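Residue-level structural notes
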Amino acid sequence: TDSFFLLAQDLFSGRVDPASLNPAWNFTPNRVSQSLVELLETALGDGQIQNHLDRLAPAHPLYRWMRTALVQYRELAATGGWMPIPEGSHLEVGLRDERVPLLRERLRQTGDLSIDTDGDPLVFDRELSRAVLRFQERTRVNRESALTDDGDGSVGEETIASLNVPVDDRIQQLRANLERCRWLLRDLPATYVLVDMAGYRGYFYKDDEIIWRARVQIGTPYNETPSFRSTIKYIVFNPTWTVPPGIMRDVTLPRIRKDLTYLEKNHLQVVDRDGRHVDPATVDWSLYTADTLPYRIVQTPGPHNAVGRVKFIFPNPYYIYMHDTPHKTEFGLDDRAYSAGCIRIDKPYKLAKRLLDGPEKWTIGRIWDIIDAGKTMSVFLPEPVPVLITYLTAHVDDKGMVQFRKDIYKRDAALLQSLDAAATTP
């Protein structure tokens with residue numbers, strides 16, 4: 001009986017309280033609609049205990065795919081896992097190397113290589129290169145590694161390091177993210193915006209279908225973007241940007257003290273508490289710190305603005321929002337943890353069009369007319385849209401492709417520790 005109750009609760013809401021690991025957590029806690037005693041009585045009455053337990057687990061397909069992947073990786077571990085690939089010279093198409101047969105076997109074990117060739121078993125051929133590329137895509141090996149060309153189907157130091165991650169480590173990643181799925185993947189709305197931080201992606205689901213997707217940049221490990229839920233209320237076109245306290249302390253004030261023209265060069269204005277502009281030459285900047293400065297430093301709207309030409313507002317106590325950015329080149333990188341905490345998004349105008357799509361017709365042309373006018377304008381959504389900011393370091397797609405992401409914020413270890421502690425608690 002005790003085992004049934006514990007397993008039922010684990011499947012429904014998870015073994016670990018997410019708020020104990022993340023003070024920002026505000027997703028609605030899951031509740032079992034039927035008492036566990038009644039559930040056990042029903043299960044015993046019809047002899048379908050496993051079926052009743054299965055119905056408690058999230059119905060979302062991602063949960064099923066993740067659970068299947070965990071079974072597969074545990075089976076790999078039971079047969080000894082995989083042999084490490086020795087380090088050595090760079091491998092690419094046409095090269096002959098003693099490590100090639102070991103590489104082939106390693107990629108077969110995880111389903112990246114399914115076709116055998118009749119050529120020299122020591123030669124790195126194009127089919128093997130395609131298998132390597134599949135592995136690199138699902139483990140996010142950087143395509144920007146200039147020294148090794150990793151990410152293009154050839155094998156350098158970074159790819160070997162990723163291949164050699166022990167199977168037990170991958171199992172732990174899947175365990176951690178199955179727990180996150182139990183927290184997240186229940187009673188999702190039909191329409192919502194999802195930010196997948198570890199995957200550096202954003203999605204807009206409307207009536208359960210993705211109608212917008214784009215790359216995102218998130219907070220650096222020093223300025224982590226928290227996981228939480230909110231609601232997008234309105235969009236600001238041609239936004240201003242107020243320098244936040246941390247940047248004021250570390251960057252803006254030191255540079256103003258060194259060179260007063262820094263303000264003009266960066267389109268920054270000094271504004272008092274009543275919203276009036278202040279001549280920066282009349283301020284003795286040496287008297288103030290970021291905490292005592294009686295002014296705001298505000299950047300004017302325009303392409304130079306730190307939040308770009310549009311931002312998406314969802315009230316929260318962390319001052320986090322989604323926004324355009326002048327830092328476009330970083331979207332071409334695989335690792336995109338570059339912001340001060342807010343979420344920079346690619347294709348922001350398309351998202352604005354989708355969110356504003358209602359009785360009043362919005363087009364990209366109309367949005368650009370507003371932007372070109374240069375005036376700050378706030379537009380409320382026809383209906384507020386939920387936004388979910390999530391963190392999954394493992395993912396499985398509908399083809400069964402298991403993706404492993406970097407734990408950029410080092411959150412997996414604490415979750416796994418709590419999972420293991422809960423498992424041993426009587």
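This section reports on the structure supplied with the text. (Residues numbered from 1 in each chain as written. Predicted model: local features only at pLDDT ≥ 70, side-chain atom pairs only at ≥ 80, totals over all residues. Heavy atoms only, no water.)

Comments concerning the overall build of the protein chain
Threshold: Starting at the N terminus, helices and strands are each numbered in turn, a helix being any DSSP run of H or I of at least four residues and a strand any DSSP run of E of at least two. Buried means the residue's accessible area, taken with a 1.4 Å probe over protein chains only, is under 20% of the maximum for its type, while exposed means over 50%, and partly exposed covers the values in between. In this description, contact between two residues means that some pair of their heavy atoms is separated by no more than 4.5 Å. Calculation of accessible area relied on Shrake-Rupley with a 1.4 Å probe; when residues are assessed, cover is drawn exclusively from the protein chains displayed.
A tally of helices and strands in the protein chain yields 13 helices and 15 strands. For the protein chain, buried positions account for 48% of its 426 residues. In the protein chain, of all internal contacts separated by at least 6 residues, the share reaching a separation of at least 24 is 67%. For the protein chain, the accessible surface area stands at approximately 21700 Å², while carbon and sulfur atoms represent 52% of it.

Notes on the pairing of strand β6 (residues 268-271)
Applied cut-off: Between any two strands, at least two bridges found by DSSP are needed for them to pair.
Sheet analysis places β6 next to strand β8 (residues 296-299), joined by four bridges and oriented antiparallel. Looking at β8, one finds that V270 is bridged to I297. The pairing of β6 with strand β7 (residues 277-278) spans two bridges and is classified as antiparallel. Paired with V270 across the strands is V278, a residue of β7. Counted along the chain from β6 to the antiparallel partner β7, the turn is five residues long, and its residue G275 has a positive phi close to 85°.

A look at a positive patch on the surface
To be explicit about the condition: Patches in this entry comprise residues that are over 30% relatively accessible and not in a salt bridge; like charges within 9 Å are linked, as are nonpolar side chains (Val, Leu, Ile, Met, Phe, Trp, Tyr) within 5 Å. Should a side-chain nitrogen of Lys or Arg be within 4 Å of a carboxyl oxygen of Asp or Glu, the pair is scored as a salt bridge. Working convention for charge: Lys and Arg count positive, Asp and Glu count negative, and His plus the chain ends are omitted. Throughout, a charge is located at the NZ atom of Lys, the CZ atom of Arg, the CG atom of Asp or the CD atom of Glu.
Positive charge collects at one region of the surface, where R201, K206, R213, K347, K350 and R354 lie side by side. Taken together, the elements giving at least two residues each to the positive patch come down to β2 (201-206) and α11 (348-356). When you line up the elements, R354 lands in helix α11. A relative accessible area of 35% means that R354 is categorised as partly exposed.

Concerning the sheet that holds β7
The pairing of strands in a sheet happens through backbone hydrogen bonds and is either parallel or antiparallel. Strand order in the open sheet made by the four strands is β5-β8-β6-β7, with antiparallel pairing throughout. The two strands at the open ends of the sheet, each matched to only one other strand, are β5 (241-242) and β7.

Quick notes on helix α5 (residues 100-109)
What counts here: Summarising the geometry, the arc corresponds to the directions from the helix axis toward the C-beta atoms.
Within α5 the residues assigned to the buried category are V100, L103, R104, R106 and L107. Buried residues along α5 cover an arc of 165° about the axis, so they all sit on one side. Check the buried side of α5 and you find it contacts α6 (126-139) and α7 (157-163). Immediately beyond the C-terminal end of α5, within one or two residues, lies G111, with a positive phi of roughly 75°.

A few points about the environment of G88
Structurally, the position occupied by G88 is in the loop between α4 (61-78) and α5. Exposure remark for G88: the relative accessible area of 51% places this residue in the exposed category. Taking the C-alpha atoms as reference points, G88 and R99, separated by eleven residues in sequence, lie 8.8 Å from one another.

Observations regarding the side chain of T325
Put simply, the rule is: Distance and chemistry together define a polar contact, namely a pair of N or O atoms within 3.5 Å, with one atom able to donate a hydrogen and the other to accept it when in protein, and with adjacent residues in sequence counting only for side-chain atoms on both sides.
For T325, the location among the structural elements is in the loop between β10 (322-323) and β11 (337-339). Within the structure, the side chain of T325 is placed 2.9 Å from the backbone nitrogen of H327, a separation counted as a polar contact. Excluding residues that lie within four positions of it along the chain, T325 makes contacts with Q217, A306, V307, G308, F331 and R344.

A look at the environment of I171
Tracing the backbone shows I171 in helix α8 (residues 167-184). Exposure remark for I171: the relative accessible area of 7% places this residue in the buried category. Separated by 100 residues in sequence, I171 and V71 place their C-alpha atoms 9.0 Å apart. Discounting residues that sit within four places of it in the chain, I171 has contacts with L70, Y73, R74 and A77.

With respect to the nonpolar core
Rules: Definition of nonpolar core: a set of buried residues of the types Ala, Val, Leu, Ile, Met, Phe, Trp, Tyr and Cys, connected through side-chain atoms within 4.5 Å.
If you look at the biggest cluster of nonpolar residues, it comprises 58 residues, and the most contacted ones within it are F237, F312, M322 and L355. For F312, the residues in contact, after removing those within four places along its chain, are I232, Y234, I235, Y321, M322, H323, I345, P348, L351, A352 and L355. L62, L76, L174 and L184 belong to the second largest nonpolar core, which has 33 residues in total.

Describing the packing of α4 against α8
Cut-off, in case you're wondering: Axis angles are defined between N-to-C directions and span 0 to 180 degrees, where every axis is a line fitted to C-alpha atoms and, for a helix, only to the segment in contact. Throughout this description, any angle smaller than 35 degrees is read as roughly parallel, any larger than 145 degrees as roughly antiparallel, any in the 65 to 115 degree range as roughly perpendicular, and the remainder as oblique. Here a crossing is called left-handed whenever its near helix is offset anticlockwise from the far helix by less than a right angle, and right-handed whenever the offset is clockwise. Throughout this entry, Asp, Glu, Lys and Arg are counted as charged residues, while Ala, Val, Leu, Ile, Met, Phe, Trp, Tyr, Cys and Pro are counted as nonpolar. The remaining residues, Gly among them, count as polar.
Between α4 and α8, the shortest axis-to-axis distance is 9 Å and the interhelical angle comes to 160°. As judged from the angle between their axes, α4 and α8 are roughly antiparallel. Note on packing geometry: the crossing formed by α4 with α8 is left-handed. Packed against α4, whose contacting residues are L62, Y63, M66, R67, A69, L70, Y73, R74, L76 and A77, the element α8 presents V167, D168, R170, I171, L174, R175, N177, L178, C181 and R182 at the interface. For the contact of α4 with α8, the class distribution of residues is 13 nonpolar, one polar and six charged.

Let's talk about the packing of aromatic side chains
The following threshold applies: To pair, rings of Phe, Tyr and Trp, with the six-membered ring standing in for Trp, must have centres within 6.5 Å; the planes then decide the type, stacked if under 30 degrees apart, edge-to-face if over 60, and tilted in the middle. When the NZ atom of lysine or the CZ atom of arginine is within 6 Å of a ring's centre and also within 35 degrees of its normal, the charge is said to sit over that ring.
Following the criterion strictly, the structure yields twelve aromatic pairs and no others. A centroid spacing of 6.3 Å and a plane angle of 90° characterise the contact between Y73 and W82, whose relative ring orientation is edge-to-face. Assigned by exposure class, Y73 and W82 land together as buried. Geometrically, the ring pair formed by Y192 and Y205 is stacked, given 4.8 Å between the ring centres and 10° between the ring planes. Taken as a pair, Y192 in strand β1 (residues 192-196) and Y205 in strand β2 lie far apart in primary sequence, 13 residues in all. Each member of the pair, Y192 together with Y205, is buried. Directly above the aromatic system of W82 lies the positively charged group of R106, at a separation of 3.7 Å from the ring centroid. Over the ring of W362 we find R366; its NZ or CZ atom is 3.9 Å from the centre of that ring.

Here we look at unusual backbone geometry
With phi around 70°, D208 is a residue other than glycine that occupies positive phi space. The residue D208 is located in the loop between β2 and β3 (209-219) in this model. Of note, K347 is a non-glycine position whose phi angle comes to about 55°, a positive value. Owing to a relative accessible area of 40%, K347 belongs among the partly exposed residues under this scheme.

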